Amino acid sequence: MKIIMLGAPGAGKGTQAKKIAEQYGIPHVSTGDIFRSNIKEGTELGRKAKEYIDQGALVPDGLTIGMLMDRIQNEDCKNGYVLDGFPRTIPQAESLKEALSERGQKIDFAIDVDVADENIINRMAGRRACISCGATYHLVYNPSKVPGICDVCGAELILRDDDKPETVKKRLSVYHDQTKPLIEYYGKTGVLVNVDGTQDLNKVFADIISILGA
Ligand code: AP5
Ligand code: MG
């Protein structure tokens, strides 16, 4: 099964993508996580990506598309994957479509996790991310067992630099300009499904499972 997660920054794409990946035994592929791990390791790609991410802008397609295409050619992706944060522009969607059709493949579902802008800023301010493994929590809606410590690996939890309110506003405006048109794009191809992302995160997941099939 090949799945794309759509939705604004903070809509819960990553939260749901991890649950889907676990449920169906397919990898969770997040371009944001790949960039953050490159930044942490100090690679050339990470250095370039950081300039854009810190400002709430998109990393240019020229850096992003090749990186994602390499990732989905890995052996672990042969039975499908859940893409979180890609595509984010029409050219990214077109490149993905071409690469898949060359292999006689296609996307099965594009899941739009719908959350209004008013809810997003509040959510982001409460998000905490693990500096080591990238697991995410929320101070109120999804707290770690020990405050400030990752349940998965025991490392410290931080507020991401790009989750500060000013940068979140910029990310939302970039989302509306460049990424939201993908909802119409995938609507036309008949793979788009919508879920109400303002519900409790377990209810959002139950809705997704009822669409994808158990
Ligand atoms: P990325 O890491 O993908 O960030 P994003 O899309 O802005 O999305 P987030 O990770 O912030 O939100 P999310 O929807 O995953 O929400 P989450 O589940 O964490 O990208 C970062 C940057 O990298 C981009 O700005 C860009 O610069 C660059 N980049 C990445 N991909 C790119 C691409 N393809 N092209 C170009 N540039 C790219 O949830 C948010 C919070 O809410 C959490 O605290 C969570 O616990 C909580 N929460 C989740 N669900 C619920 C719920 N139902 N109720 C209450 N709280 C909830
Ligand atoms: Mg995410």
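Residues numbered from 1 in each chain as written. Chains lettered and ligands numbered in written order. Predicted model: local features only at pLDDT ≥ 70, side-chain atom pairs only at ≥ 80, totals over all residues. Heavy atoms only, no water.

**A short note on helix 8 (residues 181-189)**
Operational definition: For each residue, the accessible area found with a 1.4 Å probe, counting protein chains only, is set against the maximum for its type, and the residue is called buried under 20%, exposed over 50%, and partly exposed in between. Labels follow the DSSP assignment, with helices taken as runs of H or I lasting at least four residues and strands as runs of E lasting at least two, numbered in each case from the N terminus. Directions drawn from the helix axis to the C-beta atoms are what define this arc. By definition in these notes, contact holds between two residues if any of their heavy atoms fall within 4.5 Å.
Those residues of helix 8 not exposed but buried are L182, I183, Y185 and Y186. One face of helix 8 carries all of its buried residues, which in axial projection span an arc of 160°. Helix 8 presents E184 and K188 as exposed residues on the side facing more than 90 degrees away from its buried surface. Looking at the buried positions of helix 8, the neighbouring elements they touch are strand 1 (2-6), helix 5 (90-102), strand 4 (109-114), helix 7 (165-179) and strand 8 (192-196). Positive backbone phi, at 80°, marks G190, one or two positions downstream of helix 8.

**A closer look at the state of the cysteines**
As a reminder, the rule being used: In this description, the term disulfide denotes a pair of cysteine sulfurs within 2.5 Å.
Summed over the entire model, instances satisfying the criterion amount to zero disulfides. The thiol of C77 is not disulfide-bonded; the next cysteine sulfur, from C133, is found 19 Å away. In this structure C153 is not part of a disulfide, and its nearest cysteine sulfur, from C130, lies 3.5 Å away.

**Describing the pairing of strand 4**
Which entries qualify depends on this criterion: Between any two strands, pairing holds if DSSP finds at least two bridges.
Of all six residues making up strand 4, five are buried, and the element is well covered by its neighbours. As paired elements, strand 1 and strand 4 share four bridges and run parallel to each other. If you follow M5 over to strand 4, its bridge partner there is I111. Sheet topology note: the strand 4/strand 8 ladder contains five bridges and is parallel. By the bridge assignment for strand 8, I111 is matched with V193.

**Quick word on the site of ligand 1**
To keep it simple, the criterion reads: Here a residue counts as near a molecule or strand whenever at least one of its heavy atoms sits within 4 Å of it. Under the rule applied, a polar contact is a pair of N or O atoms within 3.5 Å (in protein, one hydrogen donor and one hydrogen acceptor; residues adjacent in sequence only if both atoms are side-chain atoms). Under the convention used here, a 1.4 Å probe and the Shrake-Rupley method define accessible areas, while residue burial counts only the protein chains that appear. When residues are sorted by character, Ala, Val, Leu, Ile, Met, Phe, Trp, Tyr, Cys and Pro go into the nonpolar class, Asp, Glu, Lys and Arg into the charged class, and all the rest, Gly among them, into the polar class. The start and end points of each domain follow an automatic or database-based domain assignment.
Taken together, 37 residues surround ligand 1, and among them T15, A57, R88, R127 and R171 come closest. A11 has a polar backbone atom sitting 3.3 Å from an oxygen atom of ligand 1. One of the side-chain N or O atoms of Q92 is found 2.9 Å from a nitrogen atom in ligand 1. Coverage of ligand 1 by the protein amounts to 97% of the 1,000 Å² it exposes when considered alone. Elements with a contribution of two residues or more to the shell around ligand 1: helix 1 (13-24), helix 2 (31-41), helix 6 (117-126), strand 6 (136-138) and helix 9 (201-212). Considering every element that reaches the shell around ligand 1, the biggest residue donor is helix 2, with four residues. Of the residues contributing to the shell around ligand 1, the split by class is 14 nonpolar, 14 polar and nine charged. When residues of the shell around ligand 1 are assigned to domains, at least three map to each of domain 1 (2-116 + 168-212) and domain 2 (126-163).

**Thoughts on the sheet that holds strand 1**
Where we set the bar: Between N-to-C directions, angles cover 0 to 180 degrees, with each direction set by a line fitted to C-alpha atoms, over the stretch in contact for helices.
With respect to topology, five strands assemble into an open sheet ordered 2-3-1-4-8, the strand pairing being parallel. Each edge of the open sheet carries a strand with a single partner, namely strand 2 (28-30) and strand 8. Sheet twist, expressed as the mean angle between neighbouring strand axes with direction ignored, is 25°. Against the sheet, helix 8 makes contact with strand 1, strand 4 and strand 8, and its axis sits at roughly 145° relative to strand 1, the strand it touches most.

**Brief notes about the domain arrangement of the chain**
Inclusion rule: The buried area of a pairing is the accessible area, by a 1.4 Å probe, that goes missing from both parts when the two are put together, added over both.
Split by domain assignment, the chain resolves into domain 1 (2-116 + 168-212) and domain 2 (126-163). Once you take the C-alpha centre of each, domain 1 and domain 2 turn out to be 21 Å apart. Listed by partner, the interface residues are eight residues for domain 1 and 11 residues for domain 2. For the pair domain 1 and domain 2, the two sides together bury roughly 770 Å², of which 37% comes from carbon and sulfur. When residues of domain 1 are sorted by the area they lose upon contact with domain 2, R36, K40 and R171 head the list and together hold 43% of the total.

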